[in-house]
Amino acid sequence: MAARPKFKIQHFCRKQWQKKATVVQAPAQLASISANTIFSLLVCYCDQARATDSVHGLKFYVSGIRLEPFEVLENLPLRADKNFAGYHRRMSRRFNDYGLVCDELYSVMNGKFISIQKKIHSFADELYAEVGIPNRFVEVGLYLGNYQK
């Protein structure tokens, strides 16, 4: 198995930043964050949404149509889903085309998720220093589903 090429922020900024659409492998600071950890973070956010009856930062689409807040709450990930694949299986049984957007994951990165927050800041600090944008805030968004548009 070939080694994964090292992500170099300077090369990325010089050759790709704001020049073309790009998909890159996660840089070292972020590569150690597992999908299961991200799923736990998402479930934590969704648990808060259910507890407060608020979908702030959450959107759910079916066949490109945005659902109403009460419908969003009914279709959020659950701890019982166990992981992204489990959630996808449950949603795929309900919908042929769905998409969940969570724009506020960063807001639950405290306590047991503080190590994720530090990794994201480490990456963002290096990126912002290279491109010359002040690091005033970091935003983390998650998009998942099998949506066509």
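Here's a quick rundown of the structure.

The rules behind the values
Residues numbered from 1 in each chain as written. Predicted model: local features only at pLDDT ≥ 70, side-chain atom pairs only at ≥ 80, totals over all residues. Heavy atoms only, no water. Helix = DSSP H or I, 4+ residues; strand = E, 2+ residues; numbered from the N terminus. Buried < 20%, exposed > 50% of the residue type's maximum accessible area, 1.4 Å probe, protein only. Contact = heavy atoms within 4.5 Å. Areas by Shrake-Rupley, 256 points an atom, 1.4 Å probe, with all protein chains shown as cover. Lys, Arg positive; Asp, Glu negative; His and termini not counted. Charge placed at Lys NZ, Arg CZ, Asp CG, Glu CD. Salt bridge = Lys/Arg side-chain N within 4 Å of Asp/Glu carboxyl O. Core = buried A, V, L, I, M, F, W, Y, C linked by side-chain atoms within 4.5 Å. Polar contact = N/O pair within 3.5 Å; in protein donor to acceptor, adjacent residues only side chain to side chain. Expected span 1.5 Å × (residues − 1).

A word on the overall build of the chain
On a plain count of helices and strands, the chain comes out with six helices and four strands. If you list the helices and strands of the chain from N to C, you get α-α-α-β-β-α-α-β-α-β. Overall, the chain is about 45 × 35 × 30 Å in size when its C-alpha atoms are taken along their principal axes. Within the span of the chain, comprising 149 residues, buried residues form 36% of the whole. Taking as baseline every contact in the chain between residues at least 6 positions apart, the subset at least 24 positions apart corresponds to 67%. Of the roughly 9,600 Å² that the chain leaves accessible, carbon and sulfur atoms contribute 53%. Each charge sign in the chain was given a centre, from 21 positive and 13 negative side chains, and these centres are 10 Å apart.

Some words on the pattern of salt bridges
Side chains that differ in sign of charge can pair as their charged atoms come close. With the rule as written, the count across this model stands at four salt bridges. Of the charged contacts, one joins Arg50 and Asp47 as a salt bridge, the two residues approaching to 2.8 Å between their closest N and O atoms. Taken together, the residues span about one helical turn, with Arg50 and Asp47 both in helix α3 (residues 35-52) at a distance of three residues. Among the residues examined, Asp47 registers a relative accessible area of 28% and is labelled partly exposed. The network of salt bridges with shared partners includes Asp47, Arg50 and Arg79.

Observations concerning the nonpolar core
Of all hydrophobic cores here, the largest spans 34 residues; its most connected members are Leu58 and Phe60. Contributions of two or more residues to this core are made by α3, β1 (58-62), α4 (69-74), α5 (84-94), β3 (98-102), α6 (114-131) and β4 (142-145). Broken down by element, this core gets its largest block of residues, seven residues, from α3. Not counting residues within four places of it along the chain, the set of residues in contact with Phe60 comprises Ile65, Arg66, Leu67, Val72, Asn75, Tyr87, Met91, Phe95, Tyr98, Gly99 and Leu100. By size, the runner-up hydrophobic cluster in this structure holds five residues, among which are Ile9, Phe12, Phe123 and Leu127.

Here we look at the side chain of Asp97
Here Asp97 is to be found in the loop between α5 and β3. Among the polar contacts listed, one links the side chain of Asp97 to the backbone nitrogen of Gln148, at a separation of 3.1 Å. In this structure, Asp97 is in contact with Tyr61, Val62, Ser63, Gly64, Asn146, Tyr147 and Gln148, ignoring residues within four places of it in sequence.

Side note on α3
Helix length check: α3, at 18 residues, gives a terminal C-alpha distance of 26 Å against a target of 26 Å (1.5 Å per residue), a fit within 8%. All buried positions along α3 are accounted for by Phe39, Leu41, Leu42, Val43, Tyr45, Cys46 and Ala49. Those residues of α3 hidden inside the fold are in contact with β1, α4, α5, β3 and β4.

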